[in-house]
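# Coordinate analysis (summary)
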Amino acid sequence: MFNKSINLTKGSKDLKMYIANDGDTLRKIANQNSFDLDELISLNPHISGTDVNISRIQVKFPSSNVVSANQSNLDLCPPPVVEYIREWIPLTPLEQMEETEYDVLVVGTGAGGGAVLWRLCEQWGQNCKNIGVIEAGNLVLPTQARNIPTMNSERLDYYFRTVSKPLTGAIPDYPGARQVLALGGRTLFWNMHSPRLNLSEIPEWPVPIQEMDIYYQIAERVMNVTKQYPEGSSFTGILLDRLQRNGYPETTELPIAANLGPSVYGQIGTDVYFSTIEFLAEAFDRRTIDLAINTRAVQVLTHQGHVTGVKVMSSNKKVYVLKAKTVVLSASTFETPRLLLHSGIQGRAVGHFLTNHSFIKATGMVSRSDFPGVLGTLAVSVPETEGRPYEVHLTGPDGFYWYQPYEERPWTPELEILFTCFGKVEPRYQNRITLDPSRKDAYGVPEIQVHFSFSEQDLAIIRRLEEAVERLASTAGIRLVSQDGMPAICLQPAGDLNHDSGTCRMGTDPMTSVANTYGQIHGVSGLYVADNSVLPFIGATNLTLTTVALAIRTADHIIRRGGTI
Amino acid sequence: MITLSAFGDEISPDLDVQMDVLASEGIRHLDLRSVNGKNVLKFTDEEAADIKKRLNVRGFRVASIGSPIGKIMITDDFDTHLKEFRRAIQLAHFFGTPYIRVFSFYMPKGKSPYIYRAEVLKRMKKLAEIAEQEGVILVLENDVGLYGSSGERAKEILNYVHSPYLYAAFDPANFIRSQVNPIEAYQLVKPYVAYYHMKDARFNTGQVVPPGEGDADLPKLLVSIKADNYTGFMSIEPHLKAEGKYAELNDVERFKIVATALKKLLEEAGIQWDVSPNPSEPERDLPPSCPPTDTRPFPTWIPLASLNKMAQTPYDVLIVGSGAGGGAVLWRLCEQLRQSGKRIGMVEAGDLLLPTNARNLRIMSGGRMDRYFANPEIQRPIGMFLPEFSGAKQVIALGGRTLQWGGVCPRMPLQVLQKWPVPMKELAFYYNIAEQNMNITDANTRESLINQILLKRLWARGYDGAMGYPVAFNIKPTKYGEVPSDAYFSSVSFLAKALNLRPFDLAVNARAVQVFIDKGRAAGVQVITPEQQSHFIHAKHVVLSAGSLETPRLLLNSGIRGSAIGHYLTDAAAVRTVMGLNRKELPEIMGKLGIIIPETEERPYQLQLFPKEPTLPEQMTFYLHGYGKVEPQFENSVTLDSNKKDKYGVPEIQVHYSYSPKDLTNLQKMLEGIGRVFTAIDAFPIPENSEPTIYLRPPGDDNWESGTCRMGDDPLTSATDRYGQIHGIPGLFVADNSVLPSLGTNPTLTTVALAISTADYIVQQLK
């Protein structure tokens, strides 16, 4: 094979043409190109002399010294045989999805939906089950926003506030709430803090603690949850030590869902910060899935207490009926109960028990000189404990808690620390979403109205939280400061924190819960919920990890039941 | 339960007096219209902060911003009014209320309001759209002389706009003063009411009277409100004139009369209102509300400028194209001109596609990257139309082909560079800068065992230049908050660097069609959008970085000719084969294979070894790519085909490309050389289909095409000088693969190095 000779005999007879430039003469062209002048003259009888300026005149070139590219006797590369995809993720037309009866159809691609999908694909591999997933939003980003080289904390904030939209019906009780309608949902923007709930503080928790431990471990593994993020940073080390020694022994590094290891050359895909796009990637790596975007679920279809499918609408308002033996709703705390209520799936608790944390922010300053050596980054959590119904995260320095290497981090004598404080809010029946039949969206589905207020107990915790921040700051040697119109300690509007939950809470009593302990809607077989709305209690802790853990458990339950009933 | 609020400025201009009186009435919500006689929209930031602090201390909240928005003539200028509206929104956010009271524009006297219907509806819709973006709720108050002073027209506005950000603030007295029956009007606008201004008036005199004493039939209205379980604000706005039986009373006393009358009506209707706690114990123990975070629209992952704006900006430098060359020029200019105030712009023909090299995205694993770029709409197989250059492809998008670039970054061999017009010392300097800024490293391959084993075998057989190849790849882990998620370099990485240095204007979907020359100098570029809108962008310096096919096309279409423009198209005669090694003779952990055998005087070709996934259990498979040297030839060229034009009206290109006998001799030598390499490293050929094959890749398939605007000292054989400036046209530069005078290895690193040098030259000229 290595001795193939190159065939030089079949020289191309195609003549080459050249448009002469100003100042060109035949002689000059012949000299420049090493042509035989006589041959050039004979080829160009329309040119009357060898030394005339022939600007803009066509000149024919001798062709004997060129061989066209395919004149070697090597085989040309066969064209690549790949079925191309139109977008960065394979999509399936709704017309085609309508022809399939799905074993499982997932509605929504946020943390809950992504986790269910990943687990089903991981466990089922390439079996003959049909799995479908629909997403109301479009493709917005193919990875977590913080992984994008052009982002910094300010641009990320602007971008989030532009991509997300205020939640319709949130005003006036819940003015801070926003929605991200996109593949991946709010995980495209979340801050990836992934602590476990302190379940010892929640005696009513409906799933056995040992089982939660197993599913927390799976969730932490697949989301790359780590406490190593601030490793080696004196900023974290010194403040952690001050707090641990002076009354806050539980203080810990913040667990973050991020793959911190270096990327491997030759390996495709090393998203650092986690989003559910990673769940989707792993799912697609393992098997075929039908995914449709810009597809709005408008009604869950049931027959005699069994789910039979979902009625969906495309962005041009065309209706499709997708058949499914099992349906998993992962559309969010607001959209999942909205869909249930609009589908006539009532229950005393559907849409009720809306829970979120109260949310206090504080700003503190420390001196750079307090932190010798490598400053690094600050990521510390003072978790909820018995008698402390709140959690406080200390992160910093401002603007450089995370940053892309394309930004130069300046040396500053003062370092700004952000206190992010979550207060526990009791789940109450009257905090709820309701449908407002007088207002409908473009798909004809009634808009929601959010009813939310803090109870006396919630308010008492908020007051305590303010004192607690002052105490914590003084323990850690941090000066609380008021700057740029921002009070040193202030209360964010209700709903501003994406910790909304509880509107389809799990439990055993249909009077106070919507789904059973596996996320199945009471009384409707085959219909599951897997998103923040199933969380019956959220303590004072970020909830995504818990939602993912429960979603994986729901997927395992569906697998045990064979994907049906 | 409803909440009572009040326009406190009718009590007194003094905020403290307002709060005293309201507190004594158990009212803690203020409709903020004016303080000390100054309208709310005229508050300075300091005044607003002071008022907010005083309200907070006494436990008062702002129920709504009582703005006069919409109380201008419909014929008045709306744009200036929108600025005031933006201020009202700022204040609403600042005072922590979602509600802004607005009106529906005064009608010129003696004219039918319907003449102005379209304008009113347009303006109200615009206001509601802004409210939606900003997350505030407008409550539309009916008043005398406005478009919406009748129930029908008020309903028309609300119906037409139909937004959850525009509701009605129902004012019965104002309907009476407009000679409209408020109960009839109420039936029309009821579904939209989210606020009540509870005042009463008489039809005959138009006089405003305490609630219940006029013709509004408030008891009937309150029955309906109760039936609807209304839970929002009900505002007290006395409007009681100091005349008749009220002539002797002061403002405070008149306010109290109105408040008492309304409460009596509410009691009779069985409607409860919230009673705030004793004013001597203000609820000061809750922390103050956080001010809203400063925000601005940022709809894409990189800031974009509008072409309308760019057309009005005289640029110091305008870059056409955002691939490796354009990205490098932009970054270097931004780095060197940080504080200078110079204006820098970039136009890209394509759209935003991926925000990072596809290889950085987890979703691109599992073969999806190849499937994605196999989409002819993403990677255009332009070679289909170029019979002699059939492997050519284009990615028309921000970042261009660097979005899927593998990052292999060797320097050009010395024997090639020696013939170039740029002094070696200078080239070395720019190579260093490029390598440092593209994170070029050979650490990946240096530490790889398989590389060490194969290199040892190659070196033993005389391939002493063989080496692990350097790549543009960030090998750092995430540490101390720094996130190297953008590990594979792309031109977007250059843009990100630039973005953090200083502002520049970037427009996508802006296809350059012509370069303009004025008095022998570059003057600007005409660009056309996919919607066929044409813009002229002025620039003192224009840098063309559109690629080896598009840059000469643009020059030729602009009438800029030179004997070498479009000529000397060069790539490599590229071949591909698959090899295998016996897995049992290799260690368990091998690392990544990546070897380059550079071109030398004796070996007119370059060979590269890299892994082919997946590796079988018994053998390790890898690709061998060979790049046979192709000499630059005048005849190998890009020309315009004036018979075929694209949708921008620019003639399509045609390519003439063939290998000379010398090129074919080089190819022959390479095939023999590949055989020797097999022997040297103990590899065996792997049949790719049925038989072992060395395939020839079609010309252009290797993405090495270059030379069509080659640099040189002689204008007869080169298009640009050694700085990339088109011969004889000051201000017009080329910075992409097309400037490379000849090839000896992968071109990208060299193109970037030369682009940085071009940028430095432009910076010198700007000083």
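Analysis parameters
Here the residue numbering is sequential within each chain, running from 1 through the sequence in written order. Here chains are named by letter from A upward and ligands by number from 1 upward, in the order in which they appear as written. In keeping with the model being predicted, local features are shown solely for residues with a pLDDT of at least 70 and side-chain atom pairs are shown and tallied solely at 80 or more, while totals for entire chains, interfaces and linings include all residues. Hydrogen atoms and water are omitted, and side-chain values are computed over all heavy atoms in the structure. Numbering of helices and strands runs from the N terminus, with a helix taken as a DSSP run of H or I at least four residues long and a strand as a DSSP run of E at least two residues long. Both definitions apply: the radius of gyration is a C-alpha atom measure, and the globule rule equals 2.2 Å times residues to the power 0.38. Accessible area is worked out with a 1.4 Å probe on protein chains only. A residue is then buried under 20% of its type maximum, exposed over 50%, and partly exposed in between. Reported accessibility uses the Shrake-Rupley method at a 1.4 Å probe radius. Residues are deemed covered only where the shown protein chains occlude them. Charged residues are defined here as Lys and Arg on the positive side and Asp and Glu on the negative side; His and the ends of the chain fall outside this count. Throughout, a charge is located at the NZ atom of Lys, the CZ atom of Arg, the CG atom of Asp or the CD atom of Glu. Residue contacts are defined here by distance: any two heavy atoms, one from each residue, within 4.5 Å place the two residues in contact. We call Phe, Tyr and Trp rings a pair once their centres come within 6.5 Å, taking the six-membered ring for Trp, and we label the pair stacked below 30 degrees between planes, edge-to-face above 60, and tilted otherwise. Put simply, a salt bridge is a Lys or Arg side-chain nitrogen that is within 4 Å of an Asp or Glu carboxyl oxygen. Contacts described as polar in this section are N or O atom pairs within 3.5 Å, which, within protein, must combine one atom able to donate a hydrogen with one able to accept it, while residues neighboring in sequence count only if both atoms come from side chains. In this description, strands pair whenever DSSP reports at least two bridges between them. Nine residue types can take part in a nonpolar core, namely buried Ala, Val, Leu, Ile, Met, Phe, Trp, Tyr and Cys, and a core is a set of them joined through side-chain atoms within 4.5 Å. Helix axes are fitted to C-alpha atoms over the stretch in contact, other axes to C-alpha atoms as well, and angles between N-to-C directions run from 0 to 180 degrees. Per-residue confidence from the predictor is given as pLDDT, running between 0 and 100. To estimate how far a helix should reach, multiply one less than its number of residues by 1.5 Å. Orientation is classified from the angle alone, with under 35 degrees giving roughly parallel, over 145 giving roughly antiparallel, 65 to 115 giving roughly perpendicular, and any other angle giving oblique. Definitions for this section: a left-handed crossing has its near helix turned counterclockwise from the far helix by less than a right angle. A right-handed crossing has that turn clockwise. For this scheme, ten residues count as nonpolar: Ala, Val, Leu, Ile, Met, Phe, Trp, Tyr, Cys and Pro. Four count as charged, namely Asp, Glu, Lys and Arg, and the remainder, Gly too, count as polar.

Turning our eyes to something else, we now look at the overall build of chain B. Check the secondary structure of chain B and you find 20 helices and 31 strands. Computed over C-alpha atoms, the radius of gyration of chain B comes to 37 Å, more than 25% over the 27 Å expected from 2.2 N^0.38 for 767 residues, which places it beyond the range of a compact globule. On the principal axes, the C-alpha backbone points of chain B span a range of 115 × 65 × 50 Å. In chain B, buried positions account for 62% of the 767 residues. As displayed, chain B has an accessible area near 28900 Å², and 50% of this comes from carbon and sulfur atoms. Taken together, the 83 basic and 86 acidic charged side chains of chain B have centroids lying 2 Å from each other.

Here we come to the overall build of chain A. Counting its regular elements, chain A contains 11 helices and 26 strands. For chain A, the C-alpha radius of gyration of 32 Å lies well beyond 24 Å, the compact-globule estimate for 565 residues. If you line up chain A on its principal axes, its C-alpha atoms span 105 × 70 × 50 Å. Going through the 565 residues of chain A one by one, you find that 61% of them count as buried. Taking contacts inside chain A between residues at least 6 apart in sequence as the whole, the part at least 24 apart equals 76%. For chain A, the exposed area adds up to about 21100 Å²; of that, 49% sits on carbon and sulfur atoms.

This part covers the side chain of Thr 541 of chain A. Residue and element names in this part refer to chain A. When you line up the elements, Thr 541 lands in the loop between β26 (527-529) and α11 (544-560). Classification of Thr 541 as buried rests on a relative accessible area of 1%. Each residue touching Thr 541, except ones within four places of it in the same chain, is listed here: Pro 195, Arg 196, Leu 197, His 357, Glu 384 and Glu 391.

What follows concerns the packing of aromatic side chains. Under the defined criterion, the tally for this structure stands at 40 aromatic pairs over all chains. For the pair Tyr 159 of chain A and Phe 298 of chain B, a centre-to-centre distance of 6.1 Å together with 85 degrees between the ring planes defines the contact as edge-to-face. Highlighted residues: Tyr 159 of chain A in helix α5 (residues 153-163) and Phe 298 of chain B in the loop between α9 (251-269) and α10 (307-311), drawn from two different chains. Exposure remark for Tyr 159 of chain A: the relative accessible area of 3% places this residue in the buried category. Residue Phe 298 of chain B is classed as buried on the basis of its relative accessible area of 7%. Taking 5.3 Å as the distance between ring centres and 80 degrees as the angle between the ring planes, the aromatic pair formed by Tyr 265 of chain A and Phe 473 of chain B counts as edge-to-face. Separated into two different chains, Tyr 265 of chain A in the loop between β12 (256-257) and α8 (276-286) and Phe 473 of chain B in the loop between β17 (471-472) and α17 (491-499) make up a pair that spans both.

Listed by partner, the interface residues are 114 residues for chain B and 107 residues for chain A. Arg 86 of chain A is the salt-bridge partner of Glu 377 of chain B, the closest N and O atoms lying 3.3 Å from each other. Linking chain B with chain A are 31 residue pairs in polar contact (both at pLDDT 80 or more), by the criterion used here. In terms of residues, the side of chain B that touches chain A owes the most to one element, helix α19 (residues 661-680) of chain B, which gives nine residues. Sheet analysis places strand β4 (residues 75-76) of chain A next to strand β30 (residues 695-696) of chain B, joined by two bridges and oriented parallel.

To continue, consider the pairing of strand β27 (residues 651-656) of chain B. Here strand β26 (residues 637-645) of chain B runs beside β27 of chain B; their pairing, made up of six bridges, is antiparallel. Bridging from a neighbouring strand, Lys 645 of chain B pairs with Pro 651 of chain B of β27 of chain B.

A few words now on unusual backbone geometry. Residue and element names in this part refer to chain A. Cis rather than trans, the peptide bond between Ile 171 and Pro 172 has omega equal to 10 degrees. As for its position among the elements, Pro 172 is in the loop between β8 (165-166) and β9 (178-179). Of note, the bond from Gly 396 into Pro 397 is cis; its omega dihedral lies within 30 degrees of zero at -5 degrees. Following the sequence through the fold, Pro 397 ends up in the loop between β20 (390-396) and β21 (414-423). The residue Asn 294 is not glycine, and still its phi comes out positive at about 50 degrees. When you line up the elements, Asn 294 lands in the loop between β13 (290-292) and β14 (295-303).

A separate point is the nonpolar core. Core analysis: the largest hydrophobic core is formed by 220 residues, its most contacted members being Met 223 of chain A together with Met 438 of chain B. In this structure, Ala 6, Ala 92, Tyr 186 and Met 198 of chain B belong to the second largest nonpolar core, which totals 90 residues.

What follows covers the sheet that holds β13 of chain A. All names here are of chain A. Strand order across the open sheet formed by five strands is β13-β7-β6-β17-β26, with parallel pairing between neighbours. Each edge of the open sheet is held by one strand with a lone partner, namely β13 and β26. The mean angle between the axes of side-by-side strands here comes to 15 degrees, regardless of whether they run parallel or antiparallel. Set on the sheet, helix α9 (residues 335-342) makes contact with β6 (104-107), β17 (327-329) and β26; between it and β17 the angle comes to about 130 degrees.

Another aspect to go through is the confidence of the model for chain A. A low pLDDT score tells you not to read the predicted coordinates there in detail. All names here are of chain A. Averaged over every residue, the pLDDT of chain A is 91; residues scoring 70 or more account for 93%. Contacts from residues 1-15, a stretch scored under 50 in pLDDT, to residues over four places away or in other chains number 39 contacts. Contacts of residues 64-69 to residues separated by more than four positions or lying in other chains number 22 contacts, the stretch itself having pLDDT below 50.

With that out of the way, let us pick up helix α10 (residues 456-476) of chain A. With 21 residues, α10 of chain A should reach 30 Å at 1.5 Å per residue; the first-to-last C-alpha distance of 30 Å fits that figure. Burial in α10 of chain A covers these residues: Asp 458, Leu 459, Ile 461, Ile 462, Leu 465, Glu 466, Ala 468, Val 469, Leu 472, Ala 473 and Ala 476 of chain A.

Turning next to the pattern of salt bridges. Residue and element names in this part refer to chain B. A full pass over the atoms with the stated rule returns 66 salt bridges over all chains. With a closest N to O distance of 2.9 Å, Lys 38 and Glu 47 form a salt bridge. Assessed through its relative accessible area of 29%, Lys 38 is described here as partly exposed. The shortest N-O distance in the salt bridge between Arg 553 and Glu 652 comes to 3.7 Å. Of this pair, Arg 553 sits in helix α18 (residues 550-557) while Glu 652 is found in strand β27, placing the two residues 99 residues apart along the sequence. When its relative accessible area of 28% is taken as the criterion, Glu 652 is described as partly exposed. Here the salt bridges share partners, and the residues they tie into one network are Asp 9, Glu 10, Arg 33, Asp 171, Lys 199 and Glu 237.

Residues and elements named next belong to chain A. Reading across the sheet, the four strands line up as β5-β16-β15-β14 and stay open at both edges, with mixed pairing between neighbours. On the outer flanks of this sheet lie β5 (101-102) and β14, each paired with one strand and no other. Bridge count between strand β15 (residues 306-314) and strand β16 (residues 319-324): five bridges; the pairing is antiparallel. Opposite Val 312, over in β16, you have Tyr 320 as the bridge partner.

All names here are of chain A. Sheet analysis places β14 next to β15, joined by eight bridges and oriented antiparallel. Note that in β15 the partner of Arg 296 across the bridge is Met 313. A loop of two residues connects β14 with β15, the two strands running antiparallel in sequence, and Gln 304 in this loop sits at a positive phi of about 50 degrees.

Residues and elements named next belong to chain B. Axis separation between helix α1 (residues 15-24) and helix α2 (residues 45-57) bottoms out at 11 Å; the angle between their running directions is 25 degrees. It follows from the interaxial angle that α1 and α2 lie roughly parallel. The chirality of how α1 crosses α2 is right-handed. Between α1, through Leu 15, Asp 16 and Met 19, and α2, the contact on the second element is made entirely by Ile 51, Arg 54 and Leu 55. Across the contact of α1 with α2, the residue classes tally to four nonpolar, no polar and two charged.

Let us look at the packing of helix α6 (residues 209-222) of chain A against α11 of chain A. Residue and element names in this part refer to chain A. One way to put it is that α6 packs onto α11 with a least axis distance of 8 Å and a crossing angle of 105 degrees. The orientation of α6 relative to α11 falls into the category roughly perpendicular. Where α6 abuts α11, its residues Glu 211, Met 212, Tyr 215, Tyr 216, Ile 218, Ala 219 and Glu 220 lie against Leu 545, Thr 546, Val 548, Ala 549, Leu 550, Ile 552, Arg 553 and Asp 556. Here the residues of the contact of α6 with α11 are counted per class, giving 10 nonpolar, one polar and four charged.

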